[in-house]
Amino acid sequence: MSIQPAEVAAQYATDRNLRVRIETHEQYTVGPRLEPEVDRLLSLRGDEALLDVGTGPGNFPGRLRAEGHRGRLVGVDLSPGMVERAASTYPGVEFVEASADALPFPNGTFDLLTARHMLYHVPDVSAALAEFMRVLRPGGRFLAVTNATGYMGELWEAVAEVVPEQPALAGLLESRAGSAVFSEQNGEPLVRGAFGNVEVGLLENALVFPTPEPVLAYLGSMTALQRLPDKDRLQVLSALRRALAPRFLMGEWRVSKRVAFLHARKK
Ligand SMILES: C[S@@+](CC[C@H](N)C(=O)[O-])C[C@H]1O[C@@H](n2cnc3c(N)ncnc32)[C@H](O)[C@@H]1O
C-alpha cells in the first residue's frame, strides 16, 4: 500500500517530526556516513547549478553553500512549512514550493539534480523522473538517495511484534511498506527507463541505540502515531517500550541501515 498524498503533507507540514528523525540518524549512526558518499558520487567542482528536490529543511544545499559552493543552489519542496523553514535557515539558497512532477524551471536549467529520501513519497515516480530529465541540461546528472531493501529491519520486526496487541501500529508498518515503492530494486528500472542508464551503489551502516528512549522518540515522530489522540499514542508507546526492553538486555541495540544511491546521466 502506498502512502496517501494527504498523509505525506501532514507528516511534513512542519519540520518538527522530520527533525527528530534527522537528529536520531546524526546522533546514533555508526559506520560510514552518508554525506561523504554523496560528495564522492557528485564530485562537485563548485560552480554547478544544483536542484535538490524534496529538500525538507534544506540541509543539503545549505551545507554545500556553507562549504563554499559558488553555483546556483535551489531546494524544492511540496510543503510550504518546510520551504519557509529552509529559507529562514539558509538565506544563501533559493527555496521554492513545488511538486517533483511539476517543476517551475525551464528545460536544461540544472547541471545536477538530487532527490534524497523523497521519491518513495511521490505517487507517480516516472512522471517525476521525466520532469527531472527535462530540467537537467544534456550531460547533467541525477542522484537519488533512498532506503534499500531491509532498511532498519530489526526496528520493523519489533514494531510488527506489537501490532496484534496495538492495531494502531499497523498504520506504521503500512507507511513503511509505502516507503518500499522506491528502493534500489524497484528504483533501478524506473531510473534506467527515464535516463537510459543508472549506476546503483549501497552504503551499509547502523543505528546503535544506548536506551529505548530515542527509538521511541523516532517511532513517535511518525504520522501513524502523531495522528493518534495523546492517550492512545502513550498506550502504543508503552507497548513498544515493553517489546524493546529485551533487546537492550545486553546493553546497546543495533539496527542496521542500507542506503541506496541511484546515479544517472542525461545523454
Ligand atoms: C523524508 S523527507 C527528506 C528531506 C531531505 N531530502 C532529507 O534527505 O533529509 C521527504 C521530503 O519530501 C517532500 N516531498 C514529498 N513529496 C513531494 C513531492 N511530490 N514533491 C516535492 N517534495 C515532496 C516532503 O515534504 C519532505 O520534506
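As a reminder, the structure under discussion sits directly above these lines.
The model shown is predicted, which means the values in this text are computed figures rather than measured ones. (Residues numbered from 1 in each chain as written. Predicted model: local features only at pLDDT ≥ 70, side-chain atom pairs only at ≥ 80, totals over all residues. Heavy atoms only, no water.)

Draft legend 1. Region of interest: the nonpolar core. Grouped together as the largest cluster of nonpolar side chains are 48 residues, with contacts concentrated most on L155, L169, L219, L240, W253 and F261. Top element by residues in this core is helix α12 (residues 230-244). It accounts for 6 residues. In this structure, L240 is in contact with V159, V162, L169, L216, L219 and L225, ignoring residues within four places of it in sequence. One finds L103, L113, A115 and V125 within the second-largest nonpolar core, a separate group that totals 32 residues. (Core = buried A, V, L, I, M, F, W, Y, C linked by side-chain atoms within 4.5 Å. Buried < 20%, exposed > 50% of the residue type's maximum accessible area, 1.4 Å probe, protein only. Helix = DSSP H or I, 4+ residues; strand = E, 2+ residues; numbered from the N terminus. Contact = heavy atoms within 4.5 Å.)

Draft legend 2. Molecular detail of the side chain of K266. With respect to the helices, strands and loops of the structure, K266 is situated in the segment after β8 (253-265). One buried charge, K266, has no salt-bridge partner; the nearest side chain with opposite charge is E131, at 10.0 Å. Here L136 takes part through its backbone oxygen, which lies 2.7 Å from a polar atom of the side chain of K266. (Lys, Arg positive; Asp, Glu negative; His and termini not counted. Salt bridge = Lys/Arg side-chain N within 4 Å of Asp/Glu carboxyl O. Polar contact = N/O pair within 3.5 Å; in protein donor to acceptor, adjacent residues only side chain to side chain.)

Draft legend 3. Quick look at the pairing of strand β5 (residues 110-116). Buried residues dominate β5, accounting for 7 of its 7 residues. Of the pairings in the sheet, the one linking strand β2 (residues 50-53) to β5 comprises 4 bridges and is parallel in character. Paired with L50 across the two strands is L112, which belongs to β5. Bridge count for β5 against strand β6 (residues 136-147) is 6 bridges, and the pairing is parallel. In the sheet register, L113 faces β6, and the bridge partner there is F142. Once you follow β5 into helix α6 (residues 125-135) and on to β6, the crossover reads as right-handed. (Pairing = 2+ DSSP bridges. Right-handed = clockwise from strand over helix to strand, strands pointing away.)

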